[in-house]
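Below, each chain spelled out in residue letters.
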Amino acid sequence: MGIKITQVDAFADQPFQGNSAAVCICPEPATDDWMQLVAREMNLAETAFLFPGDDGFRLRWFTPTVEVDLCGHATLAAAHVLWDEGHLPPDREARFHTKSGLLTAARSGEWIELDFPALSQSKVRVPDGLEEALGSRGDYVGKSRLDLLVEVPSEEILRQLAPDFIALKKLDARGIIVTSRADSEEYDFVSRFFAPALGVDEDPVTGSAHCCLAPYWMGRLGKTKMTGYQASVRGGTVRVEVRGDRVGLGGKAFTVLRGELS
C-alpha cells in the first residue's frame, strides 16, 4: 500500500478558496530528494511532510522547487489532517517540531489557531528595481529576516498590481509582502504575497507573511487582534493576534482530495 496524501484548502471559508497544501504523513524518515520530487509532482505552493515522534510530529515544508523554513497554510493543513483523519483526538493540541522551532495548533470550533513566531521588520532604503518590478511606489518599505514589506496607498492599488516576476526574483528576499489598509470594515488590512524566488509567483494565502503583517499593523492601528484578507485570485481570511514575540494565526480548512503515492 502506498503512502497516503491529502490535499487541503487552508485559510478558506469554503472549499476551492484559500491556499492549497498537500499533507503527507510518513511512517518513517524520508529522503530530501524524495520529498522534493513529491512536492514537484503535487505542484502546489507547499507540500507538508509529517513524521511521528515522542512529543508530536516533525514537520517539513517543500515548494515545487525548494524547502522552506516557515509555512503557515501548510501547518494549518497538517493540523486539520491530524484531527480529521483521527491521528489526534479532537481536543489534543498538535505539536510540530520545525526549522523555526516548536509550532502548535489548537481547535476552536470551526477555526484552527496556530502559535507562530512574530517576525519584526525595520525600515530600509527602497531596493533598486523594487518599484519598477511592482509597478507602484510604496508609502513604506521594510524588511524582516525573510521578506520585504511594502505598504501601498490603497487597496485598489494593491489589487491592481501586475508585477514583473522576473524582476522581483532578482531582489534579495524570500518574498515581497504588499499591504494596505482595508476598504471593508470586515477587515483591518489586506495583502498580497509574491515569491518567484521560491517558484511561487503569487501565493494565494500566506500564513508566515502574517507573522510580519500582524506586528506591523499593530504598530499602525494600535490593535493586537485583527483580521487580514489576502487579496489573491482565490483569496483567504487570516485572524491574527500579537502576543509579545509570538503571533496567533487563525483560519479554517477543508479537505478536497485524498489519495496514495505509488
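Chemist: Sorry if this is basic, but what is going on with the environment of threonine 224 here?
Modeler: If you trace the backbone, threonine 224 turns up in the loop between helix H6 (207–221) and strand S15 (225–230). For threonine 224, a relative accessible area of 41% translates into the label partly exposed. Placed 20 residues apart in sequence, threonine 224 and glycine 244 show a C-alpha to C-alpha distance of 9.6 Å. Threonine 224 has contacts with Met218, Val240, Glu241 and Val242, leaving out every residue within four places of it along the chain.

Chemist: Teacher, can you tell me more about the pattern of salt bridges here?
Modeler: If the charged atoms of two oppositely charged side chains come close together, the side chains can form a pair. The tally for this structure, following the rule as stated, stands at 20 salt bridges. Glutamate 110 serves as the salt-bridge partner of lysine 252, at 3.3 Å between the closest nitrogen and oxygen. Here lysine 252 is found in the loop between strand S17 (246–251) and strand S18 (253–261), whereas its partner glutamate 110 is found in the loop between strand S7 (101–108) and strand S8 (111–117), with 142 residues between them in sequence. Between aspartate 172 and lysine 143 there is a salt bridge whose closest N-O contact spans 3.6 Å. Residue aspartate 172 is found in the loop between helix H5 (165–168) and strand S12 (175–181), and its partner lysine 143 is found in strand S10 (residues 140–143); the two are separated by 29 residues along the sequence. Given the relative accessible area of 64%, aspartate 172 is considered exposed. Overlapping salt bridges, with partners in common, bring together Asp32, Arg60, Glu67 and Lys99 in one network.

Chemist: Help me understand the side chain of histidine 210 in this model?
Modeler: Relative to the helices and strands, histidine 210 resides in helix H6. Ignoring sequence-local partners within four residues, the contact set of histidine 210 consists of Phe189, Ser191, Pro215, Gln230, Val238, Val240, Val247 and Leu249.

Chemist: Please clarify how the pairing of S12 should be interpreted in this entry.
Modeler: In the case of a regular strand, side chains alternate between the two sheet surfaces. Most of S12 is tucked away: 6 of the 7 residues are buried. As paired elements, strand S11 (residues 147–151) and S12 share 5 bridges and run parallel to each other. Bridging across to S12, leucine 149 finds its partner in isoleucine 177. Taken together, the 6 bridges between S12 and strand S13 (residues 189–195) define a ladder with antiparallel strand orientation. Bridging across to S13, serine 180 finds its partner in valine 190.

Chemist: I keep staring at helix H2 (residues 72–84) and nothing clicks. Help me out?
Modeler: Because an α-helix completes one turn every 3.6 residues, residues spaced three or four positions apart along the sequence face the same direction. For H2, with 13 residues, the first-to-last C-alpha span of 18 Å sits near the 18 Å given by 1.5 Å per residue. Within H2, 12 of the 13 residues are buried, which leaves the element mostly enclosed by the surrounding structure. The complete set of buried residues in H2 reads Gly72, His73, Ala74, Thr75, Leu76, Ala77, Ala78, Ala79, His80, Val81, Leu82 and Trp83. With its phi angle positive at about 80°, glycine 86 sits one or two positions after the end of H2.

Chemist: Sorry, what's going on with the packing of aromatic side chains here?
Modeler: Between two aromatic rings, the relevant description is the distance of the centres plus the angle of the planes. Applying the stated rule across the entire model yields 7 aromatic pairs. Seen from their ring centres, tyrosine 216 and tryptophan 217 are 5.4 Å apart, and the 80° between their planes marks the pair as edge-to-face. Note on tyrosine 216: relative accessible area 8%, which makes it buried. Since its relative accessible area comes to 0%, tryptophan 217 is described here as buried. Each member of the aromatic cluster is reached from another via a ring pair, and the members are Tyr140, Phe189, Tyr216 and Trp217. For arginine 239, the ring lying beneath its charged end belongs to tryptophan 111, and the centroid distance is 3.6 Å.

Chemist: I'm lost on helix H1 (residues 32–42) in this one. Help?
Modeler: Among the residues of H1, those classed as buried are Met35, Gln36, Val38 and Ala39. One face of H1 carries all of its buried residues, which in axial projection span an arc of 160°. Across H1 from its buried face, at more than 90 degrees, point the exposed residues Asp33, Arg40 and Glu41. Following H1 by one or two positions, asparagine 43 has its phi on the positive side, about 55°.

Cut-offs applied
- Residues numbered from 1 in each chain as written.
- Predicted model: local features only at pLDDT ≥ 70, side-chain atom pairs only at ≥ 80, totals over all residues.
- Heavy atoms only, no water.
- Helix = DSSP H or I, 4+ residues; strand = E, 2+ residues; numbered from the N terminus.
- Buried < 20%, exposed > 50% of the residue type's maximum accessible area, 1.4 Å probe, protein only.
- Contact = heavy atoms within 4.5 Å.
- Salt bridge = Lys/Arg side-chain N within 4 Å of Asp/Glu carboxyl O.
- Pairing = 2+ DSSP bridges.
- Expected span 1.5 Å × (residues − 1).
- Phe/Tyr/Trp six-rings, centres within 6.5 Å; stacked < 30°, edge-to-face > 60°.
- Lys NZ or Arg CZ within 6 Å of the ring centre and 35° of its normal.
- Arc of directions from axis to C-beta.

Geometric descriptors of this kind do not, in isolation, establish any biological role.
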